[in-house]
Amino acid sequence: MAAKRVGEEPAYILHRYDWSESSLILEVFTRHRGRVALLAKGVKRHTSNFRPVLLALQPLKVTYTLSGDGNADIHVLKGAEGAGGHIMPMGNNLLTGMYLNELLMRLLARDDPYAYLFDVYGAVVKLLATQQEEVIEPVLRAFELILLRELGLLPSLELETQTLQALEPRKAYVLVAEMGLRPALESDRGSLTGQQWGRLHQALQQGDAAYPATVRACAVVASALKPQLRHLLQYHCGSPMLRTRQLLMDLQTL
């Protein structure tokens, strides 16, 4: 039986690891097929045409054959080319890109497509290459919210989770992994008013315009939102701590 072929699939490389002296396994986020693992044979050889193309944080088009009945864990890369790339992010923006990739590696199941999340990821990666850090923070918070929403891991942002009561516009609430939204305590790191949570909720309901709408809604609350989303994401990622987060913490103590 001839192997089925997937041609020119939009993709980004999330991670790579050695398979043999000359080959790599690539963990790839594709638009139509989600996260897939591809065997890149001979790619470590200096003569490989793939070698300069297979870079993280760069848009690609990949062609591969489905192994066996198409349900095997690892497929075989047959072709790869750049798809209108940009300069590589530098400094903290590069670490942010690695953080995004680690989130997707930890949270996305294989062969489960998320086309809208793919498009948002591509938009964020492009900004990482061209914008300053202060511009990136609300963009990153918006990505985290959309990621959680797309995976069904984001509690309702218009109700107090335990009571199912509507949020009071001027009252402060925090997002807690085990409890959803609850009234804020003095000891909590960051909180948003019910009105602010409501604006985030409305932005996330904007269909194809959810990403820019959520970036705008995050612009004024990004710093307060950061510890809450990081806690929620780490909860769903499980142990150990995200490596990129640990790296950033270590760098801040130097």
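What you are looking at is a predicted structure, and each value in this text was computed from that prediction instead of being measured.

## Some details on the overall build of the protein
So, step 1. Regarding its fold elements, the protein presents seven helices and 10 strands.
So, step 2. Taken over the C-alpha trace, the protein has a radius of gyration of 20 Å; the compact-globule value for 254 residues is 18 Å, and the two agree within 12%.
So, step 3. Taken over the C-alpha atoms alone, the protein extends approximately 60 × 45 × 30 Å along its principal axes.
So, step 4. The proportion of buried residues among the 254 residues of the protein is 48%.

## Topic: the sheet that holds strand β3 (residues 34–40)
So, step 1. Pairing within the closed barrel is mixed, and its five strands lie in the order β1-β2-β3-β5-β4. For this sheet, the mean inter-axis angle between neighbouring strands, taken without regard to orientation, is 55°.
So, step 2. As paired elements, strand β2 (residues 24–30) and β3 share seven bridges and run antiparallel to each other. Pairing of F29 across the sheet is with R35, part of β3.

## Section: the side chain of Q228
So, step 1. With respect to the helices and strands, Q228 occurs in helix α6 (residues 222–237).
So, step 2. For Q228, the residues in contact, after removing those within four places along its chain, are Y173, V174, L175, R189, G190, S191, L192 and W197.

## A few points about the environment of A80
So, step 1. Inspection of the secondary structure assignment puts A80 in strand β5 (residues 74–82).
So, step 2. Judged by relative accessible area, A80 falls into the buried class, the value being 17%.
So, step 3. Expressed as a C-alpha distance, the spacing of A80 and L26, which sit 54 residues apart in the sequence, is 12 Å.

## Observations concerning the environment of M105
So, step 1. Looking at the secondary structure, you find M105 in helix α1 (residues 91–107).
So, step 2. Judged by relative accessible area, which is 22%, M105 ranks as partly exposed.
So, step 3. Sequence separation between M105 and H15 is 90 residues; the distance between their C-alpha atoms is 7.9 Å.

## Side note on the pairing of β3
So, step 1. Taking burial as the measure, the seven residues of β3 include seven buried ones, the bulk of the element.
So, step 2. Pairing between β3 and β5: three bridges, direction parallel. Residue pairing across strands places A37 opposite I74, the latter belonging to β5.

## So, the packing of aromatic side chains
One pair of aromatic rings is described through two measures. These are the centre distance and the angle between the planes.
So, step 1. Going through the model one piece at a time under the given rule, you end up with five aromatic pairs.
So, step 2. Aromatic pair Y12 and F118: ring centres 5.4 Å apart, planes at 55°, arrangement tilted. A residue pair is termed long-range when its members are at least 10 positions apart, and Y12 in strand β1 (residues 5–18) and F118 in helix α2 (residues 115–130) qualify at 106 residues.
So, step 3. Measuring from centroid to centroid gives 6.0 Å for F29 and Y121, while their planes differ by 75°, and the two rings are edge-to-face. Taken together, the residues F29 in strand β2 and Y121 in helix α2 connect sequence positions 92 residues apart.
So, step 4. Every member of this aromatic cluster is reached through a ring pair, and the members are Y12, F29, F118, Y121 and F143.
So, step 5. Directly above the ring of Y99 sits R230, whose terminal nitrogen or CZ lies 4.4 Å from the centroid.

Cut-off values and rules
Residues numbered from 1 in each chain as written. Predicted model: local features only at pLDDT ≥ 70, side-chain atom pairs only at ≥ 80, totals over all residues. Heavy atoms only, no water. Helix = DSSP H or I, 4+ residues; strand = E, 2+ residues; numbered from the N terminus. Rg over C-alpha atoms; globule rule 2.2 N^0.38 Å. Buried < 20%, exposed > 50% of the residue type's maximum accessible area, 1.4 Å probe, protein only. Pairing = 2+ DSSP bridges. Axes fitted to C-alpha atoms, helices over the stretch in contact; angles between N-to-C directions. Contact = heavy atoms within 4.5 Å. Phe/Tyr/Trp six-rings, centres within 6.5 Å; stacked < 30°, edge-to-face > 60°. Lys NZ or Arg CZ within 6 Å of the ring centre and 35° of its normal.

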